[in-house]
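Okay, here's what each chain looks like letter by letter:
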Amino acid sequence: MLINLKELFTGKRETLSLDCALDFSNLEYQGNHPFAQPVRVSGEVSADADVVILRAVADFVYDSACDRCLAEIHRQMRLPIDRVLVTSLTDEDDEFVLVDNYQLALDELVLEELILSLPTKNLCREDCRGICPICGKDINMGLCGCRNHSTDPRLAVLEQLTDQTD
Ligand SMILES: [Zn+2]
Ligand SMILES: [Zn+2]
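A brief look at the structure comes next.

Reading guide: rules and limits
- Residues numbered from 1 in each chain as written.
- Chains lettered and ligands numbered in written order.
- Predicted model: local features only at pLDDT ≥ 70, side-chain atom pairs only at ≥ 80, totals over all residues.
- Heavy atoms only, no water.
- Donors = N, O, S within 2.8 Å, 3.2 Å for Na, K, Ca; no water.
- Tetrahedral: all angles 85-135°; square planar, octahedral: opposite > 155°, others 65-115°.
- Helix = DSSP H or I, 4+ residues; strand = E, 2+ residues; numbered from the N terminus.
- Buried < 20%, exposed > 50% of the residue type's maximum accessible area, 1.4 Å probe, protein only.
- Salt bridge = Lys/Arg side-chain N within 4 Å of Asp/Glu carboxyl O.
- Phe/Tyr/Trp six-rings, centres within 6.5 Å; stacked < 30°, edge-to-face > 60°.

Thoughts on the coordination of the zinc ion (ligand 1)
Each donor-metal-donor angle in an ideal tetrahedron of four donors is 109.5 degrees, and each such angle in an ideal octahedron of six donors is either 90 or 180 degrees.
Link 1 in the chain: Around the zinc ion (ligand 1), the protein contributes the donor atoms Cys66 (SG), Cys69 (SG), Cys124 (SG) and Cys128 (SG), at 2.2 to 2.3 Å from the metal centre.
Link 2 in the chain: Relative to the metal, the four donor atoms surrounding the zinc ion (ligand 1) lie at angles of 107 to 114 degrees, and the coordination shape comes out tetrahedral.
Link 3 in the chain: In terms of primary sequence, the donors binding the zinc ion (ligand 1) are separated according to C-x2-C-x54-C-x3-C. Highlighted residues: cysteine 69 in the loop between β4 (51–65) and β5 (72–86) and cysteine 128 in the loop between α2 (106–117) and α3 (146–150), separated in sequence by 59 residues. Across the pair, cysteine 128 and cysteine 69 agree in class, each one buried.

Some thoughts on the pattern of salt bridges
Oppositely charged side chains may form a pair once their charged atoms are brought near each other.
Link 1 in the chain: As enumerated under the stated definition, the model contains six salt bridges in all.
Link 2 in the chain: A salt bridge links arginine 13 to glutamate 7; the nearest nitrogen and oxygen atoms lie 3.7 Å apart.
Link 3 in the chain: Taking the relative accessible area as the measure of exposure, arginine 13 reaches 36% and is therefore partly exposed.
Link 4 in the chain: A salt bridge links arginine 83 to glutamate 112, with the nearest nitrogen and oxygen atoms 4.0 Å apart. Residue arginine 83 is found in strand β5, and its partner glutamate 112 is found in helix α2; the two are separated by 29 residues along the sequence.

Some thoughts on the coordination of the zinc ion (ligand 2)
Link 1 in the chain: For the zinc ion (ligand 2), every protein donor is listed as Cys132 (SG), Cys135 (SG), Cys144 (SG) and Cys146 (SG), and the spread of their distances is 2.2 to 2.3 Å.
Link 2 in the chain: Because the angles between the four donor atoms bound to the zinc ion (ligand 2) fall within 105 to 115 degrees, the donor set is best described as tetrahedral.
Link 3 in the chain: Considered as a linear motif, the donors of the zinc ion (ligand 2) on their single chain read C-x2-C-x8-C-x1-C.
Link 4 in the chain: Cysteine 135 sits in the partly exposed class, given a relative accessible area of 45%.

Remarks on the packing of aromatic side chains
Link 1 in the chain: One pass over the structure, following the stated rule, counts three aromatic pairs.
Link 2 in the chain: Each ring, one from phenylalanine 9 and one from tyrosine 102, has its centre 5.8 Å from the other, and the planes form 45 degrees; the classification is tilted. Of this pair, phenylalanine 9 sits in helix α1 (residues 6–9) while tyrosine 102 is found in the loop between β6 (96–98) and β7 (103–105), placing the two residues 93 residues apart along the sequence.
Link 3 in the chain: Judged by its relative accessible area of 19%, phenylalanine 9 falls in the buried class.
Link 4 in the chain: Taking the relative accessible area as the measure of exposure, tyrosine 102 reaches 27% and is therefore partly exposed.
Link 5 in the chain: When the centroid spacing of 6.3 Å and the interplanar angle of 65 degrees are considered together, the rings of phenylalanine 24 and phenylalanine 35 count as edge-to-face. Note that phenylalanine 24 is positioned in the loop between β2 (15–22) and β3 (39–48) and phenylalanine 35 in the loop between β2 and β3, a separation of eleven residues in sequence. Exposure class is identical for phenylalanine 24 and phenylalanine 35. Each is buried.
Link 6 in the chain: Joined through ring pairs, the aromatic side chains of Phe24, Phe35 and Phe60 make up one cluster.

Given below as structure tokens:
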């Protein structure tokens, strides 16, 4: 989605309000489709001296899978997006967003911010016990019994033997 900011940059207009829904449902990230639902962006673009400032918030549902038990997680998130927009850059500076031809590519900018904001750890709950590595049962639903096997003294001996031959 391109937003024309020419009037703001040329001083013909002071503010422009934003309220839109961006569709990133096709985006694949780390094996998931994190934004199945539209990302709502609302806020304002305003002219301030030589620059134009974007102040917005993105409201979205972040879909992921629990790192331990693979359960689906849908987390409601809100991300403030505050960036300074310029039409030319003197130095390579990440702080500013370069707007080509007065056209702001809002979806690109928002997507970049969204990806950076995503948590690196996804747990359905802090104390998720995960799935059993032996039988694959979700241990949150109850113990599977494999625990007993691993403390079986006969098995422990076997494990020692295989450790030595490795
Ligand atoms: Zn979990
Ligand atoms: Zn098990």
